[in-house]
Amino acid sequence: MVAGQHLLRVEFFERGGHAGISLKYAGADTKILGRGYKDVPGKVLFYKPQRGFKEEIYDLKAKDIGKNMPNLNKKGANAQRIIPDVSYASTKGKFRGYKQADFFAARWSGVLFIRQKGAYRFSLKSDDGSKLFLDAGQNGKRDKRKPFVNNDGLHGMKNQEGTVRLRRSYVTLVLEFFEKTGHAGMYFRYMGPQT
């Protein structure tokens, strides 16, 4: 794991008889406490999540990137942080907070609260490729292999959009982006009844 907040959810259930539960962890943060698993202390937990997108940054090598989006599930993020929006103007230099100007990827995830039902349009404008995975909560099923908006490939700044009807709900968003060489840029926008 990289430094930063990580979503943790623990569920427990008791039907009858004795009951008990314990949450322990071991890792870099627990080494000063000695060896083995330690109880997770309340001082390292936060109940209220930060607002914005969780941004995961992947520093890659030339061999890691072809003509399409690399599989980020097989790589560990080099850094993560919370950002207010995904808005990176086209540049030959580095994105703010990034270590590399070429050969990198990023994943942003968050939850959008739809207050007003209706048709919503989502836009990805990027150089190089990007994808938007959307769980609209309409039927409880999501095809994780198929992006809702697909702007993949090696190209200059290019816009792709998709429209979906949404009801009042929470919508899970996952965006992926990669940059091989040259200029890089990434914008994620939406519009609909509540915008």
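Residues numbered from 1 in each chain as written. Predicted model: local features only at pLDDT ≥ 70, side-chain atom pairs only at ≥ 80, totals over all residues. Heavy atoms only, no water.

**Student:** So what about unusual backbone geometry? Which residues, and what values?
**Tutor:** Cis geometry is found at the peptide bond from Asp-127 to Asp-128, where omega equals 5 degrees. With a phi close to 55 degrees, Phe-103 is a non-glycine residue in the positive phi region. You can see Phe-103 is positioned in the loop between β5 (87-91) and β6 (104-114). Of the residues examined, Phe-103 reaches a relative accessible area of 23% and is grouped as partly exposed. (Helix = DSSP H or I, 4+ residues; strand = E, 2+ residues; numbered from the N terminus. Buried < 20%, exposed > 50% of the residue type's maximum accessible area, 1.4 Å probe, protein only.)

**Student:** Residue-level account of the side chain of Asp-127, with values.
**Tutor:** With respect to the secondary-structure elements, Asp-127 resides in strand β7 (residues 118-127). Not counting chain neighbours up to four residues away, the residues in contact with Asp-127 comprise His-155, Gly-156, Met-157, Phe-177, Glu-179, His-183, Ala-184 and Gly-185. (Contact = heavy atoms within 4.5 Å.)

**Student:** I'd like to hear about the sheet that holds β5, residue by residue, with values.
**Tutor:** Pairing between the strands of a sheet is mediated by backbone hydrogen bonds and can be parallel or antiparallel. The antiparallel open sheet is built from four strands, whose spatial order is β5-β12-β7-β10. Only two strands of the sheet have a single neighbouring strand rather than two, namely β5 and β10 (158-166). Along the sheet, successive strands turn relative to each other by an average axial angle of 20 degrees, direction set aside. When β7 meets β10, the two strands line up antiparallel, connected through nine bridges. Bridge assignment links Arg-121 to a residue of β10, and that residue is Thr-163. (Pairing = 2+ DSSP bridges. Axes fitted to C-alpha atoms, helices over the stretch in contact; angles between N-to-C directions.)

**Student:** Which residues make up the packing of aromatic side chains, and what values do they have?
**Tutor:** Taken as a whole and judged by the stated rule, the model has 15 aromatic pairs. On the basis of an interplanar angle of 45 degrees and a centroid distance of 6.3 Å, the ring pair of Trp-108 and Phe-177 is categorised as tilted. Of this pair, Trp-108 sits in strand β6 while Phe-177 sits in strand β11 (residues 169-179), and the two are 69 residues apart along the sequence. Across the pair, Phe-177 and Trp-108 agree in class, each one buried. Ring centres 6.0 Å apart and planes at 15 degrees place the aromatic pair Phe-122 and Tyr-190 in the stacked group. Residue Phe-122 is located in strand β7, and its partner Tyr-190 is located in strand β12 (residues 184-191); the two are separated by 68 residues in the primary sequence. Taking the relative accessible area as the measure of exposure, Phe-122 reaches 0% and is therefore buried. By relative accessible area, Tyr-190 is classed as partly exposed at 30%. Aromatic ring contacts, followed pair by pair, group Phe-53, Tyr-120, Phe-122, Phe-148, Phe-188 and Tyr-190 into a single cluster. (Phe/Tyr/Trp six-rings, centres within 6.5 Å; stacked < 30°, edge-to-face > 60°.)

**Student:** Tell me about the pattern of salt bridges, residues and numbers included.
**Tutor:** Two side chains carrying opposite charge are able to pair once their charged atoms lie near each other. Within this structure, the stated rule accounts for seven salt bridges. With its nearest N and O atoms 2.5 Å apart, the salt bridge here joins Glu-55 to Arg-81. With Glu-55 in strand β3 (residues 53-59) and Arg-81 in strand β4 (residues 79-83), this residue pair connects regions lying 26 residues apart in the sequence. For Glu-55, a relative accessible area of 0% translates into the label buried. (Salt bridge = Lys/Arg side-chain N within 4 Å of Asp/Glu carboxyl O.)

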